[in-house]
There are 2 protein chains.
Amino acid sequence: MIRSKFPPKSKWKSLSQRPSASSASLESDVRGILERVAQRGDSALLELTEKYDGVSLNTIAISEEEIFDSESKVSAELKGAIQLAKGNIEAFHRSQVLKEERVETVPGVSCWREARAIERVGLYVPGGSAPLFSTVLMLGVPAVLAGCSDIILCTPPDANGNVNPIILYCAKLLGIRKVFKVGGAQAIAALAYGTESIPAVSKIFGPGNSYVTKAKELVQEKGVAIDMPAGPSEVLVIADSTAVPEFVASDLLSQAEHGPDSQVLLLSDSNRVIAEVLEEIDRQLPTLKRRAIAEMALNASRVIQFENIEQCLQFSNYYAPEHLIIASENAEEYVPLVQNAGSVFLGNYSCESAGDYASGTNHTLPTNGFAKAYSGVSVDSFIKKITFQNISARGIKEIGPAIETMAKAELLDGHANAVTVRLKSLSNV
Amino acid sequence: MIRSKFPPKSKWKSLSQRPSASSASLESDVRGILERVAQRGDSALLELTEKYDGVSLNTIAISEEEIFDSESKVSAELKGAIQLAKGNIEAFHRSQVLKEERVETVPGVSCWREARAIERVGLYVPGGSAPLFSTVLMLGVPAVLAGCSDIILCTPPDANGNVNPIILYCAKLLGIRKVFKVGGAQAIAALAYGTESIPAVSKIFGPGNSYVTKAKELVQEKGVAIDMPAGPSEVLVIADSTAVPEFVASDLLSQAEHGPDSQVLLLSDSNRVIAEVLEEIDRQLPTLKRRAIAEMALNASRVIQFENIEQCLQFSNYYAPEHLIIASENAEEYVPLVQNAGSVFLGNYSCESAGDYASGTNHTLPTNGFAKAYSGVSVDSFIKKITFQNISARGIKEIGPAIETMAKAELLDGHANAVTVRLKSLSNV
């Protein structure tokens, strides 16, 4: 890890730099894929699956039977764990379903908002080396709670043309019945434009590789909503003298094992804690299966010493981490100082992996500094709020003259006239 | 207006078509502007202002003095109207500031969300033929209520290099002190990348012409958040036999006067109402100052007769209008059937211009069918919600084993290990 001590603010920009990943050919490759799917639908999906996933399928659809049969292929222990996680994610996300009150802004003018589900949403679940079934829960639970009527799940097939049964089991648990074996940019294209099998959706969710990310970016330009822009995963840990170095090291390593471009930062006001965490990393690293990946990520990672924890938080707000761990017995005291972060883990027992899987919070979070403007996925991501207003005769008399004056000042006399005809009709009564 | 009667669902797609505006040269023009501003900052802004606004400025900054002096240049009547509108917009938007409760998902696992303002936001207010000062209120009020610490307002200068005092007066009322005379794609570039005078912001809000819209689209790709994608303004009116044809006609015309590409739709189950509304349009149109524009918009607009109001609402949900007026004495009964719309106006006295100016709701709304996935601007647009969790020793014992099991099934043993080290330390106590 690269160490800095008391960096001045002028250095913060370079200390916050994330790797930029996009290659020159990526965009044109992805545009090609999008076009092919837009023009030729399912047959393009089958060809692209053969090309990119190396498997020739007859159909991308997964039958309801296959979804139901998945249950027998998952161990009882894992099913129990998934059910516990699902229950907690439901409990937390259910608290996000709020009903708002009517506001009478002036007598006779009643305004309010009501939430409506986005009817048709697409969830993308990456495949690759591991079956990331936790993403099914993190996207599917809020979609179901929001009341989305049509939930389409796409995930790539493995080399044998199958989808991991754990992913199907999670879909089954949530009542998701439209699951398709298709991945990469071609899955995003199908969700954006629709094909014979896959209906076009209004919003696309989920993480993915650089093809998926670029495809989401490009379909967003065409008006399909996406959950948020993406970048490599990251954690920033602030550890004070009450932190447990063994725990902090395990948290940094759990982030580092994600990928060679994972961002890992340790901030502390204590030289001793930093030294002990680094020792612990050296001790724990060799025990990890993905140690080669973790080592690459750690080599590019940073340890920064500051004068005090307030300065650590200032830097953290500047960096705007996806995950922020405040490893301190007094972590709750620092909550008001957190301005920019995706999800915050307080105290010595709140490890990031708790939020990744089972505490109840969502793990789909803004990376790359996007936490300055974006929230993580929640029920809010699956609804829109519609404003309603009901204005009575008394109400239009109260605000009508102001509307006429403002509309005329904006040179829009048709807008004024819509009030004038109403006020006139009322003065005639 | 183009009339249809009882169109089958197979025709709905073509009946919902919006005009597509983008020209081939637009994107390369806008990319050129963005690059110029990114590279040469303020001096590029001054050159581009000379080129596009036809005025040579020494500085784009507006002094605090100029902002304060604006007050004396606005009529007392207009100031009163603006103050009434501001009060109503504040009252409604204040109701959107909510505090969420903590949820204990299992004993010892406490999760919650807290809102934080997006610190630095940019508001774009179009100039052109009319000073759209109402946009200052609609973007500025929620930004102030959210607690954004840095609010930057950009608006183009007129041919004499001035900004309309009504716009400055609205900024003054809201406490916005950073106002710049710059418009078009160059303003969006400045807000996205920052220049010597204008700080880079995390999110950009506001309507604009095709240059502004394209620039927002392009900077969004670079990770700057925007309020929503844009298209021409639109209203869909559903009128039943209790509607007042004179009022309905005035509402259709108030939308039509926006621009030649404004979308105006009238849906009804009553032949009589349709005929009377069309007559009223012919009667009112000649009285409007912007009748030439309104006429062009009306020529491309649609009147559709359905069997009943439920079918009208089905079509409306399919179309997803920016503004929906339910011109009926029984309008509130139909609220549960509204699935996709930006803002809904209920009853015979709720004209769209009320929501455009003074009832309290926001007028920055999703057009072009985006209401299927997007909400209008609200306080929510100026905040992000951060999740927090505090897990106790008891809490990690409750959920730890499930996390270990799930992490191992995703082949992420570093994630499991972060729990294991904590559980081990607790079993040793």
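Residues numbered from 1 in each chain as written. Chains lettered and ligands numbered in written order. Predicted model: local features only at pLDDT ≥ 70, side-chain atom pairs only at ≥ 80, totals over all residues. Heavy atoms only, no water.

1. Details of the UniProt feature "binding site: NAD(+)" (unreviewed entry) in chain A
All names here are of chain A. Where we set the bar: UniProt positions are given in the numbering used here, feature names are shortened, and annotations may be inferred rather than shown by experiment. Helical segments are the DSSP runs of H or I of at least four residues, strand segments are the runs of E of at least two, and each set is numbered from the N terminus. The contact definition used throughout considers only heavy atoms, calling two residues in contact when any of these lie within 4.5 Å. Note on exposure labels: buried denotes an accessible area under 20% of the residue type's maximum, exposed denotes more than 50%, and partly exposed covers the range between, all computed with a 1.4 Å probe on protein chains only.
In the numbering used here, UniProt assigns the "binding site: NAD(+)" (unreviewed entry) feature to Y124, Q186 and N209. Spanning 86 residues, the annotated positions come together in the fold, the maximum distance between their C-alpha atoms being 12.3 Å. Mapped onto the elements of the fold, Q186 is located in helix α7 (residues 184–193). The contact partners of Q186, leaving out residues within four places of it in the chain, are I33, V37, L45, L48, T49, Y52 and D53. The partly exposed category is assigned to N209, whose relative accessible area is 46%.

2. Side note on the pairing of strand β3 (residues 109–117) of chain B
All names here are of chain B. Definition in use: Only strands joined by at least two bridges in the DSSP assignment are considered to pair.
Burial runs high along β3: seven of the nine residues are buried. Joining the antiparallel neighbours strand β2 (residues 103–106) and β3 is a turn of two residues, in which G108 adopts a positive phi near 90 degrees. Two elements, β3 and strand β14 (residues 383–391), share nine bridges in a ladder whose sense is antiparallel. When the sheet's bridge partners are listed, W112 is paired in β14 with F388.

3. Things to note about the domain arrangement of chain A
Residues and elements named next belong to chain A. For clarity, the cut-off: For the domain bounds, the source is a domain assignment made automatically or taken from a database. In this description, buried area is defined as the sum, over both parts, of the accessible area (probe of 1.4 Å) that is lost when the two are combined. The term salt bridge refers to a side-chain nitrogen of Lys or Arg lying within 4 Å of a carboxyl oxygen of Asp or Glu. Whenever two N or O atoms come within 3.5 Å, that pair is a polar contact, provided that in protein one can donate a hydrogen and the other can accept it, and provided that, for residues adjacent in sequence, both atoms are side-chain atoms. Each residue gets one of three labels, nonpolar for Ala, Val, Leu, Ile, Met, Phe, Trp, Tyr, Cys and Pro, charged for Asp, Glu, Lys and Arg, and polar for the others, Gly among them.
As far as domains go, chain A holds domain 1 (24–97 + 122–226), domain 2 (231–375) and domain 3 (392–427). On a C-alpha basis, the centres of domain 1 and domain 2 stand 29 Å from each other. With 12 residues of domain 1 in contact, the opposing surface of domain 2 contributes 11 residues. Roughly 860 Å² is buried in total at the junction of domain 1 and domain 2, and carbon and sulfur atoms are behind 58% of that figure. Applying the counting criterion to the domain 1 and domain 2 interface returns zero salt bridges. Inspection of the domain 1/domain 2 interface yields five residue pairs in polar contact (both at pLDDT 80 or more). Counting only elements with at least two residues in the side of domain 1 that touches domain 2, the list comes to α4 (76–94) and α5 (134–146). With six residues, the single largest contributor to the side of domain 1 that touches domain 2 is α4. When the residues that make up the side of domain 1 that touches domain 2 are grouped by side-chain class, the tally is seven nonpolar, five polar and no charged.

4. What to know about the environment of S10(A)
Residue and element names in this part refer to chain A. Inspection of the secondary structure assignment puts S10 in the loop between β1 (2–5) and α1 (12–15). For S10, a relative accessible area of 66% translates into the label exposed. For the pair S10 and V224, spaced 214 residues apart in sequence, the C-alpha separation works out to 39 Å.

5. What about the relation of the copies chain B and chain A?
Each copy of the chain is related to the other by a rotation around an axis and a translation along that axis. Stated precisely, the cut-off is as follows: Alignment of copies: least-squares fit on C-alpha atoms of residues with pLDDT of at least 70 in both copies.
When chain B is fitted to chain A, the best match, at an RMSD of 0.0 Å, comes from turning it 180 degrees and sliding it 0.0 Å along the axis. Interpreted geometrically, this transformation is the action of a two-fold axis. In terms of proximity to the rotation axis, the leading residue of chain B is E221(B), whose C-alpha is 4.2 Å off the axis. A shared binding surface is used by both copies, with 100% of the interface residues of chain B retained as interface residues in chain A.

6. Some thoughts on the sheet that holds strand β4 (residues 120–124) of chain B
Residues and elements named next belong to chain B. The five strands are arranged β6-β5-β4-β7-β8 in an open sheet whose pairing can be described as parallel. The strands lining the two open edges of the sheet, one partner per strand, are β6 (178–181) and β8 (225–226). Note: β4 against strand β5 (residues 150–155), five bridges, orientation parallel. By the bridge assignment for β5, V121 is matched with I151.

7. Side note on the interface of chain B and chain A
In many analyses, interface size is given as the accessible surface area lost on bringing the parts together. On the side of chain A, 119 residues touch chain B, which itself brings 119 residues to the contact. Of the roughly 10,500 Å² buried where chain B meets chain A, counting both sides, 57% is carbon and sulfur surface. Taken together, the links from chain B to chain A amount to eight salt bridges. The salt bridge involving D380(A) is made with R113(B); its shortest N-O contact spans 3.2 Å. For the pair chain B and chain A, the number of links is 70 residue pairs in polar contact (both at pLDDT 80 or more). The class makeup of the residues in the side of chain B that touches chain A is 58 nonpolar, 37 polar and 24 charged. As paired elements, strand β13 (residues 343–346) of chain A and β14(B) share four bridges and run parallel to each other. When the bridges of β14(B) are listed, L346(A) appears paired with N390(B).

8. Quick look at the side chain of S316(B)
Residue and element names in this part refer to chain B. The residue S316 is located in helix α12 (residues 309–319) in this model. Judged by its relative accessible area of 0%, S316 falls in the buried class. Excluding its chain neighbours within four sequence positions, the residues that come into contact with S316 are L236, I238, L267, P321, L324 and N340.

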